[in-house]
Amino acid sequence: MEIKKISRNLHQINLDQKESKIALLSDIHWDNPKCDREKLKRHLEYCKEQEMPIFINGDFFCLMQGKYDPRRSKKDVLPEHNKANYIDAVITDAVDWWTPYAHLLTVIGYGNHETAIIKNLETDPLQRFVDLLNYTNETSVYTGGYGGWLVIKKQVETNTYISKMMKYFHGSGGGGVVTKGAINLTRALELYENMDIFIMGHIHENSSRNDARDTVQYNPGKHAHQIIQKQIHLAITGAYKEEFEDGFGGWHVERGAPVKPTGGRILTLEGLRIRTKDNDSWELLVDSCKFPL
């Protein structure tokens, strides 16, 4: 796996012939006591065993316990972070905790929790984390945007590569108890062009679907345009913060929100060789699933 920065919110991941999966995580809220670190660690260890690259789509941190934040609560801060230098304590602790997985991390995008810190405290906790993580481990992890693009270039055989374009957006709005983000995905189809994959988080759901578009593209092998059905894979990644618990109370329960699925998704890209009497070509099939653990 190789990761390249093209611009501040455009990156490229190169996968070799053996690599076919990328972990898609979001809404980890790592420093929140309600973060299911046991599940998170199982999933990260699975990525480590599979040598699977990891992309994180915002809200890596929670960071709601600063003096400025009206949501702060003593019960929602871990003892090791309950210090005068609260932000610094979270960042340095996070670097230690994530170091075993630093070599798998590729791009970490911003979520509303990180941008709130930049707005209110004039410091960038995500960039500080990435800089310290890279310095400590001699890695090349990048920060992305709140939204951006990832070019996934997959080697299917010697000297043959296929690229897929992934649009990521952390998310907006509150989702819906009934639609569970389906409308957000449909909006994305109207907002963005030339994407093969779309992922979002923010609303703490976990699902995927496939849409298709009737279009025309140039076939270099035939030196002509042809009509194709463009397949688009859309996914919503779940959170690792479980807020409902036993339903006794709290902000999540009082606003009528349901139990949410936890965990990220695994994006799979498999090369399929298509041979006909007139043509010999490759197609890259895309799908995603929940973690098996």
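Residues numbered from 1 in each chain as written. Predicted model: local features only at pLDDT ≥ 70, side-chain atom pairs only at ≥ 80, totals over all residues. Heavy atoms only, no water.

Draft legend 1. Molecular detail of the packing of aromatic side chains. Taken as a whole, this structure holds twelve aromatic pairs when the rule is applied. Feature note: the residues Trp 30, Phe 60, Phe 61, Trp 97, Trp 98, Tyr 101 and Phe 129 constitute an aromatic cluster, connected by ring pairs. Above the face of the Trp 97 ring, Lys 41 is positioned so that its terminal group lies 5.3 Å from the ring centre. Here Lys 153 stacks its cationic end above the ring of Tyr 161, 5.1 Å away from the centre of that ring. (Phe/Tyr/Trp six-rings, centres within 6.5 Å; stacked < 30°, edge-to-face > 60°. Lys NZ or Arg CZ within 6 Å of the ring centre and 35° of its normal.)

Draft legend 2. Just the environment of Ile 199, in detail. Its place among the elements puts Ile 199 in strand β9 (residues 197-200). On the basis of relative accessibility, which here comes to 1%, the residue Ile 199 falls in the buried class. Along the sequence, Ile 199 and Ala 235 sit 36 residues apart, while their C-alpha atoms lie 4.8 Å from each other. Among all residues touching Ile 199, those that are not within four sequence positions of it are Leu 24, Phe 55, Asn 57, Met 166, Lys 167, Tyr 168, Phe 169 and Ala 235. (Helix = DSSP H or I, 4+ residues; strand = E, 2+ residues; numbered from the N terminus. Buried < 20%, exposed > 50% of the residue type's maximum accessible area, 1.4 Å probe, protein only. Contact = heavy atoms within 4.5 Å.)

Draft legend 3. Quick look at a nonpolar patch on the surface. Taken together, the side chains of Leu 272, Ile 274 and Leu 285 define a hydrophobic patch exposed on the protein surface, amounting to about 220 Å² of accessible area. A relative accessible area of 38% places Leu 285 in the partly exposed class. (Patch = residues over 30% accessible without salt bridge, like charges linked within 9 Å, V, L, I, M, F, W, Y side chains within 5 Å. Areas by Shrake-Rupley, 256 points an atom, 1.4 Å probe, with all protein chains shown as cover. Salt bridge = Lys/Arg side-chain N within 4 Å of Asp/Glu carboxyl O.)

Draft legend 4. Structural detail: the environment of Phe 55. Structurally, Phe 55 is set in strand β4 (residues 54-57). What makes Phe 55 buried here is its relative accessible area of 0%. Separated by 86 residues in sequence, Phe 55 and Val 141 have C-alpha atoms that sit 9.9 Å apart. Contacts of Phe 55, omitting those with residues within four sequence positions, involve Ile 22, Ala 23, Leu 24, Leu 25, Thr 106, Val 107, Leu 150, Met 166, Tyr 168 and Ile 199.

Draft legend 5. Geometry of the sheet that holds strand β1 (residues 2-7). Ordered by their spatial adjacency, seven strands build an open sheet running β1-β2-β7-β8-β9-β11-β10, and the pairing between neighbours is mixed. At either margin of the open sheet sits one strand with a lone partner, and together these are β1 and β10 (207-219). The mean angle between the axes of side-by-side strands here comes to 20 degrees, regardless of whether they run parallel or antiparallel. Across four bridges, the pairing between β9 and strand β11 (residues 224-236) is parallel. (Pairing = 2+ DSSP bridges. Axes fitted to C-alpha atoms, helices over the stretch in contact; angles between N-to-C directions.)

Draft legend 6. The pairing of strand β7 (residues 147-157), seen in detail. Taking burial as the measure, the eleven residues of β7 include eight buried ones, the bulk of the element. Where strand β2 (residues 10-15) lies against β7, six bridges are found, and the strand directions are parallel. For Leu 10, the partnering residue across the bridge sits in β7 and is Trp 149.

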